[in-house]
Amino acid sequence: MELRQLEYFVAVAEEASFTKAAAGLYVTQPGVSAQIRRLEQELGQQLLDRTGRTVQLTEVGAAVLSYARRALEGVAGMRLVVDDFTGLMRGRVSVGMVRSCASLDLPRLLADFHKDHPAVEITLVEENTDRLLENVRSGALDAAVVALTTVTPQGIDLHVVADESLVVVVNPGDPLAEHAAVAVDALRERALISLPRGTGMRACLDNACADAGFEPRVAFEASDPDVLAQLAMRGLGPAIVPESLAAAYPGELHALTVTCPWFRGRMALAWRSDGPVSPAGRAFVAHARAALPAPA
C-alpha cells in the first residue's frame, strides 16, 4: 500500500469525481484510476461505486476513508516534526499563476527561492483565477499569483503587486476613437474582445456590465492580453486590457477611460488566511512577499 494511493482515494471521495480529483492533484485521470484499482485489489474490496453519475463510497470505502485521512495526516505531521528537529527546510511547495502573468518575473522568484532552499521541491501550475483561489483555499496550492477585481475573496490573504485601471482599446478608425472616455453602456451592442471567464479582468467586465443592466457580448476570447490588443488593433472590436498594456501600442490603439470607478484590475499573491501548513510553504510566502513589488 502506497501513500499516493491513499491520497488519490481521499481526493476522489471528497470530489465524488475522478476528473475533479485528478485536476486538483495535477495528475492524469487514468493514473488516479489505476492507483485506486491497485489499492482495492490489495484490500480485496471495492471502495468506490463507479456506476452512477457521481462516484460514491461503498460501505467498505466509507469505513476506510477516516483511516486513510488519519494516515495521511500522520505522515505529514511526522515530516513536520523531523524538519523542526533537524532545522532543514525541505518538503514541497505548490505554486499557481494566472495565464496572463507576464508582467511579473515569477521564474526569477522561483529560482531565487530554489537557490536558498535547494531541498524543497517546487511545482508550478497555470490556471484561471477562480480555479487557483479554489485550490489555495483547499490547500492544494500553497500560494498563487492571481488577478482580482476589487473584491477580496473570503478565507484568502493577499499581497497586492499591481493595481491599475482597465481601459477599452480600439483601432484608431473605430467610431469610439473619437472619444477619450466611454461609459460601460456604450459597449452594449458591440462585439467585445476579452480574457475568458474565470479571470479577474473578465469578472470586472462582467460585473460592470451587469450593473449597467446587460450581459457583454464577447466575440473573441484569448488568455494572453497581448493577443487581445492585437485583435483590437486589427479592427475586430473593442478590447478590455490593462492601462499599461494599452500604452505599449502608441499610434496603433486608441485607449478610452471607462467612466465607472470600479473598472480596475489587481494582481496579487494569494495564500490561505491561516497560512500554508508546511514550513516550506510558509517560507515561500514570506520570500514572495519580500521579493514581489507593491504598487505605488
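That block above? That's the structure.
So, here's what we can say about the structure. (Residues numbered from 1 in each chain as written. Predicted model: local features only at pLDDT ≥ 70, side-chain atom pairs only at ≥ 80, totals over all residues. Heavy atoms only, no water.)

Observations regarding the nonpolar core
Logical step 1: Judged by nonpolar contacts, the single largest core of 36 residues is most densely connected at V168, V169, V241 and F263.
Logical step 2: Counting only elements with at least two residues in this core, the list comes to strand 6 (156–170), strand 8 (191–194), helix 7 (200–211), helix 8 (225–233), strand 10 (239–242), helix 9 (243–246) and strand 11 (254–258).
Logical step 3: Counting 34 residues, the second largest nonpolar core, distinct from the first, contains L269, A270, A280 and A283. (Core = buried A, V, L, I, M, F, W, Y, C linked by side-chain atoms within 4.5 Å. Buried < 20%, exposed > 50% of the residue type's maximum accessible area, 1.4 Å probe, protein only. Helix = DSSP H or I, 4+ residues; strand = E, 2+ residues; numbered from the N terminus.)

Structural notes on the pattern of salt bridges
Logical step 1: In this structure the tally under the stated criterion is 13 salt bridges.
Logical step 2: Here the salt bridges share partners, and the residues they tie into one network are R197, R202, D206, E215 and E221. (Salt bridge = Lys/Arg side-chain N within 4 Å of Asp/Glu carboxyl O.)

Remarks on unusual backbone geometry
Logical step 1: Even without a glycine there, the phi angle at A16 is positive, about 55°.
Logical step 2: Inspection of the secondary structure puts A16 in the loop between helix 1 (3–15) and helix 2 (18–25).
Logical step 3: Backbone geometry places Y26, a non-glycine residue, at a positive phi of 60°.
Logical step 4: Following the sequence through the fold, Y26 ends up in the loop between helix 2 and helix 3 (29–43).
Logical step 5: Since its relative accessible area comes to 32%, Y26 is described here as partly exposed.

Observations regarding the layout of surface pockets
Logical step 1: Here the largest pocket is characterised by a volume of approximately 1800 Å³.
Logical step 2: Taken together, 48 residues make up the lining of the largest pocket; nearest its centre are E7, A76, R92, G139 and A140.
Logical step 3: Mapped by element, the contributors of at least two residues to the lining of the largest pocket are helix 1, helix 2, helix 4 (59–86), strand 3 (91–97), strand 4 (120–126), helix 6 (129–138) and helix 10 (279–291).
Logical step 4: For the lining of the largest pocket, the class distribution of residues is 23 nonpolar, 10 polar and 15 charged. (1 Å grid on protein atoms, 1.4 Å probe; cavity = no way out; pocket = protein on both sides within 12 Å on 5 of 7 lines; lining within 4 Å. Points joined across faces, edges and corners; volume = space filled by probe spheres on them. Nonpolar A, V, L, I, M, F, W, Y, C, P; charged D, E, K, R; others polar.)

With respect to the pairing of strand 8
Logical step 1: Note that strand 8 and strand 9 (residues 217–221) share four bridges and pair parallel. Along strand 9, the bridge assignment pairs A191 with R217.
Logical step 2: The β-α-β motif built from strand 8, the intervening helix 7 and the parallel element strand 9 has right-handed crossover chirality. (Pairing = 2+ DSSP bridges. Right-handed = clockwise from strand over helix to strand, strands pointing away.)

Thoughts on the pairing of strand 6
Logical step 1: Strand direction decides the pairing type here: strand 6 and strand 12 (residues 264–272), joined by nine bridges, are antiparallel. Paired with A162 across the bridge in strand 12 is M267.
Logical step 2: When strand 6 meets strand 10, the two strands line up antiparallel, connected through four bridges. Looking at strand 10, one finds that L166 is bridged to P242.
Logical step 3: Where strand 6 lies against strand 11, four bridges are found, and the strand directions are antiparallel. The partner of V170 across the bridge, within strand 11, is H254.

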